[in-house]
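Read off the chains here:
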Amino acid sequence: MRQYAISGDASQLRFGIVVSRFNHMIALRLLEGCTRELEKRGAGADDIHVAWVPGAFEIPLAARALARTGRYDAVVTLGAVIRGGTPHFDYVCRGVTDGICEVMRDTSIPIAFGVLTTDDVEQALARAGGCEGNKGEEAARAAVEMARLGPQLAEPPGSAVAGPIGSTRGKAPR
Ligand code: INI
């Protein structure tokens, strides 16, 4: 049985982050959680580039632009869509989730989904560094893991880049 290595090592990797300004206070907390986690895992501050967009609906376009540059091993998307009294919430949620999936499919670059979709501000705060953790951190971890997994999956069988969990033998080439 071959198992590909799971690595959370972010050193030598480059990340693009797209963050929505809407619900700014929550977005900032997600961004702090995300960058803190990437740096904790070894990413250099110079290897983390942040693009702010007006709202979550604009995230896919910016994520696509970043992914297409070829500069990034993964892109992280962050924002908060909070339910109001109209169906607008549903359209924004659908636009951002479908859009991000399309970008990932079209570019084959990992796009981590750190966009909150909540019923109210309290639920969002709880997931932006409150009692439910920080979705920005979670998205950062997913981005690192997927950035490390991709090159391993692309290796021909038998090339033995896989190692034990936590191994860094499968590091992406620069
Ligand atoms: N954008 C968000 O990021 N969060 C929201 O909660 C939100 N709501 O509720 O409307 C929101 N709307 C703006 C939208 O993302 C676009 O920026 C806007 O429609 C302009 O294209």
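Residues numbered from 1 in each chain as written. Predicted model: local features only at pLDDT ≥ 70, side-chain atom pairs only at ≥ 80, totals over all residues. Heavy atoms only, no water.

Peer 1: Break down the sheet that holds strand 2 (residues 48-53) for me, citing the residues and quoting the values.
Peer 2: In spatial order, the strands read 2-1-3-4; together these four strands make up an open sheet with parallel pairing. Every interior strand has two partners, whereas the edge strands, strand 2 and strand 4 (111-118), have only one. Ignoring strand direction, the axes of neighbouring strands in this sheet form an average angle of 15°. Where strand 1 (residues 15-20) lies against strand 2, six bridges are found, and the strand directions are parallel. Each residue of the ladder has a partner; that of V19, found in strand 2, is W52. Together, strand 1, strand 2, strand 3 (74-82) and strand 4 form the strand contacts of helix 2 (residues 59-69), whose direction differs from that of strand 1 by roughly 165°. Against the sheet, helix 3 (residues 88-107) touches strand 3 and strand 4, its axis set at about 170° to strand 4. (Pairing = 2+ DSSP bridges. Helix = DSSP H or I, 4+ residues; strand = E, 2+ residues; numbered from the N terminus. Axes fitted to C-alpha atoms, helices over the stretch in contact; angles between N-to-C directions. Contact = heavy atoms within 4.5 Å.)

Peer 1: An account of the site of the ligand is requested, with residue identities and associated values reported.
Peer 2: Near the ligand you find S20, F22, N23, G55, A56, F57, E58, A80, V81, I82, H88 and V92, and these make up its full shell. Take S20: an N or O atom from its side chain is 3.1 Å from an oxygen atom of the ligand. Separating an oxygen atom of the ligand from a backbone N or O atom of A56 is a distance of 2.8 Å. Contact with the protein chains removes 74% of the 460 Å² of surface that the ligand exposes when unbound. Every element with two or more residues in the shell around the ligand is listed here: strand 3 and helix 3. At three residues, strand 3 tops the list of elements feeding residues into the shell around the ligand. Looking at side-chain class alone, the shell around the ligand contains seven nonpolar, four polar and one charged residues. (Near = heavy atom within 4 Å. Polar contact = N/O pair within 3.5 Å; in protein donor to acceptor, adjacent residues only side chain to side chain. Areas by Shrake-Rupley, 256 points an atom, 1.4 Å probe, with all protein chains shown as cover. Nonpolar A, V, L, I, M, F, W, Y, C, P; charged D, E, K, R; others polar.)

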